[in-house]
Amino acid sequence: MMRKLLAAAAVSSLALTACGGGGGADTGAKEATSAAPTSAAAAKGDGTLTIGTLLPQTGSLAFLGPPEFAGVDAAIKEINDAGGVLGKPVTKIDTDSGDTTTNIASQSVDKLLAQKADAIIGAASSSVSESVIDKITGAGVVQFSPANTSDKFTTINDNGLYFRTAPPDKLQGRVLGDLIVADGNDTVGILAMQDSYGTGLADQVTKTAQAAGASVVERVDYDPKAADFSADVAKIKAANPKAVVLIGFEESAKVVAELVKQGLTADKVKWYMVDGNMSNSNYLKMPKGTLAGVKGTIPGAAAPTEFRKKLQAINPKLTSYTYAAESYDATILIALAAEAAKDDSGRSIAAKLPEVSEGGEKCKTFKSCVDLLKTGKDIDYDGVSGPVEFNAAGDPSVATIGVYQYGENNEYDATKALEYRTGKIES
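Sequence positions are assigned chain by chain, starting from 1 and proceeding in written order. Totals for whole chains, interfaces and linings use every residue, but because this is a predicted model, local features are given only for residues with pLDDT of at least 70 and side-chain atom pairs only at 80 or more, for both listing and counting. Only hydrogens and water are set aside when side-chain values are computed; all heavy atoms of the structure are taken into account.

### Comments concerning the state of the cysteines
Formally, a disulfide is one covalent bond, and it connects the sulfur atom of one cysteine to the sulfur atom of another. Note on terminology: pairs of cysteine sulfur atoms within 2.5 Å are recorded as disulfides. Summed over the entire model, instances satisfying the criterion amount to one disulfide. Each sulfur of the disulfide joining C363 and C369 lies 2.1 Å from the other. Its torsion about the S-S bond being 110°, the disulfide of C363 and C369 is classed as right-handed. For the residue pair C363 and C369, the accessibility class agrees, reading buried in each case. The rule is simple: take the accessible area with a 1.4 Å probe, protein chains only, and divide by the maximum for that residue type; under 20% is buried, over 50% is exposed, in between is partly exposed.

This is how it looks when you write it as structure tokens:
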């Protein structure tokens, strides 16, 4: 497969199909910045695959940290139980990504590069990843995010070293826009945090809703660090929409409180959320029923019962599984790419990631895949999060979005979506 640096064709279509709930960007080619990485041209690794994590332990996405860390840990346990990579156990170094209000991510990346990480899994926040991508890829290290959804990464200059298992927001935005209109809302208000994630997702929701005949009667892009959101909510109230879309992170709890204060409660106006604020911990202190009936979208297929048990064994306190499968798959794919390349350097891994994700003999576990590699077979790893077939931009070409709904206790059932919609992005 041609990598993104070779000016692949722009995305031509995005087809969505709905499927029943289970148990349990503008996109285009990235600009050329250098020759595509090849294992032959790359410096050889030291023989030990070292994976660093740059995931949120603190900050506005800290609630996503536990399932992401658990996904990585579950994968590394399986990899090492199967003999490791290149005959040695995989080494893992955990760091905190923080958020854009601090310099934690940059300091963490410095630490990981100093300890010779071959690949870094993270960040969760698109804006945080954007702030460190040059430092990581400039060092010849793979950056692999399980949760970045900003459309910017499809075309960002990355030396061919950035990949993600989360789909671009073009997919989530379309699913959410379709959902809002299908629920009978012909007027929509949007409250979106002002960063690449928030504005990009708001743009796609707007485009989809308007194409389906709805009107976005007010949109407010707010500062997530603001101490007060009363003026922002007042603008939405004045427009009198039938639905309000909330696109944000942890600060969404303050926005929700302001919506309630101004009389825009979820029983009077339909609220819709997204992966950045669909939390089972952020709203628990609110009166019961505050979020009852609220719907939201989260990228990812249904987490199989067996996989959830693996995660619970790693962290029995897990209350959600958001991006756990994507973190697990990212780790497995990095390990398989190193095996396929017979080298653990970042550029060698990047060169093989597309190959191990498509076009060969299908396999679903590290052991079954690596056994095939050792016999000289070409493999196609199908992950827990989906088939994870990378397109020319390093994005998954097929992905699934789940639609979830909050109950009276201000939590949603993380094991079972109302429905799952699969989108295919063809390049």
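Having put the structure on the table, let's press on.
### Digging into the side chain of D158
Tracing the backbone through its elements, the reader meets D158 in the loop between β5 (142–145) and β6 (162–164). Residue classification places D158 among the buried residues on the basis of a relative accessible area of 0%. We call two N or O atoms a polar contact when they sit within 3.5 Å, provided that within protein one can donate a hydrogen and the other can accept it, with sequence-adjacent residues counted only if both atoms are side-chain atoms. A distance of 2.8 Å separates a polar side-chain atom of D158 from the backbone nitrogen of G160. A run of H or I in DSSP becomes a helix once it reaches four residues, and a run of E becomes a strand once it reaches two; helices and strands are each numbered from the N terminus.

### Points about helix α1 (residues 65–81)
A helix is expected to span 1.5 Å for every residue after the first. Here α1 contains 17 residues, and its C-alpha end-to-end distance of 24 Å stays within 8% of the 24 Å for a straight helix at 1.5 Å per residue. Among the residues making up α1, those that are buried are G65, P67, E68, F69, A70, G71, V72, A74, A75, I76 and I79. Contact criterion: two residues are considered in contact whenever any of their non-hydrogen atoms come within 4.5 Å of each other. At its buried positions, α1 is contacted by β2 (50–55), β3 (91–96), β4 (119–122), α8 (305–314), α9 (324–341) and α11 (366–374). Downstream of α1 by a residue or two, G83 has a phi angle that is positive, lying close to 110°.

### With respect to unusual backbone geometry
A cis amide bond links G122 with the next residue in sequence, A123, at an omega value of -5°. As for its position among the elements, A123 is in the loop between β4 and α3 (126–138). Even without being a glycine, Y323 presents a positive backbone phi close to 65°. One can find Y323 in the loop between α8 and α9.

### Describing the packing of α9 against helix α10 (residues 346–357)
How two helices sit against one another is set out by the angle between their axes and by the gap between those axes. Structural elements are reduced to axes, namely lines fitted to C-alpha atoms, with helices fitted over the stretch in contact, and the angle between N-to-C directions of any two is expressed from 0 to 180 degrees. With their axes 8 Å apart at the nearest point, α9 and α10 run at an angle of 105° to one another. Taken together, the axis directions place α9 and α10 in an arrangement best described as roughly perpendicular. Contact residues: α9 offers L333, I334, L336, A337, A338, A340 and A341, while α10 offers S348, I349, K352, L353, V356 and S357. Throughout, the term roughly parallel applies to angles under 35 degrees, roughly antiparallel to angles over 145, roughly perpendicular to angles from 65 to 115, and oblique to all others.

### A look at the confidence of the model for the protein
Scored by pLDDT, the protein comes out at a mean of 90, with 89% of its residues at no less than 70. Values of pLDDT, ranging from 0 to 100, describe the predictor's confidence in every residue of the model. This model gives residues 1–42 a pLDDT under 50, and the stretch forms 132 contacts once residues within four places in sequence are excluded.

### Observations concerning the side chain of S126
Mapped onto the elements, S126 comes out in helix α3. Under the relative-accessibility criterion, S126 is labelled buried at 2%. Within polar-contact distance, the side chain of S126 engages the backbone nitrogen of S150 at 3.2 Å. Those residues in contact with S126 that sit more than four places away from it in its chain are N148, T149, S150, F153, S196 and Y197.

### Details of the pattern of salt bridges
One side-chain nitrogen of Lys or Arg within 4 Å of one carboxyl oxygen of Asp or Glu is enough to make a salt bridge. Inspection of the entire model under this criterion finds 18 salt bridges. Residues D186 and K242 are paired through a salt bridge, measuring 3.2 Å at the closest nitrogen-oxygen approach. One end of the pair, D186, is in the loop between α4 (169–182) and β7 (187–193); the other, K242, is in the loop between α6 (230–239) and β9 (243–247), and 56 residues separate them in sequence. Among the charged side chains, a network of salt bridges with common partners joins D73, K92 and D94.

### Details of the nonpolar core
Put simply, a nonpolar core is a bunch of buried Ala, Val, Leu, Ile, Met, Phe, Trp, Tyr and Cys residues held in one set by side-chain atoms that sit within 4.5 Å of each other. The biggest cluster of nonpolar side chains holds 109 residues, and the ones touching the most others in it are L191 and L336. The greatest single-element share of this core, amounting to eleven residues, is contributed by α9. Every residue in contact with L336, bar those within four places of it in the chain, is listed here: V356, F366, C369, V370, L373, I379 and Y381. Counting residues in each nonpolar core, the second largest holds twelve residues, with V109, I120, V132 and I136 among its members.

### Digging into the packing of helix α2 (residues 104–114) against α3
Two numbers describe how α2 lies on α3: the axes approach to 10 Å, and their chain directions differ by 30°. Classified by the angle their axes make, α2 and α3 are roughly parallel. Relative to α3, α2 is oriented so that their crossing is right-handed. Counting all contacts with α2, which are made through A105, S106, V109, D110 and L113, the residues of α3 involved are V128, V132, K135 and I136. Of the residues in the contact of α2 with α3, the class split is six nonpolar, one polar and two charged. Throughout, a crossing is termed right-handed when the near helix is turned clockwise from the far one, and left-handed when it is turned anticlockwise from it by less than a right angle. Side-chain classes follow a simple rule in which Ala, Val, Leu, Ile, Met, Phe, Trp, Tyr, Cys and Pro form the nonpolar group, Asp, Glu, Lys and Arg form the charged group, and the remainder, Gly included, forms the polar group.

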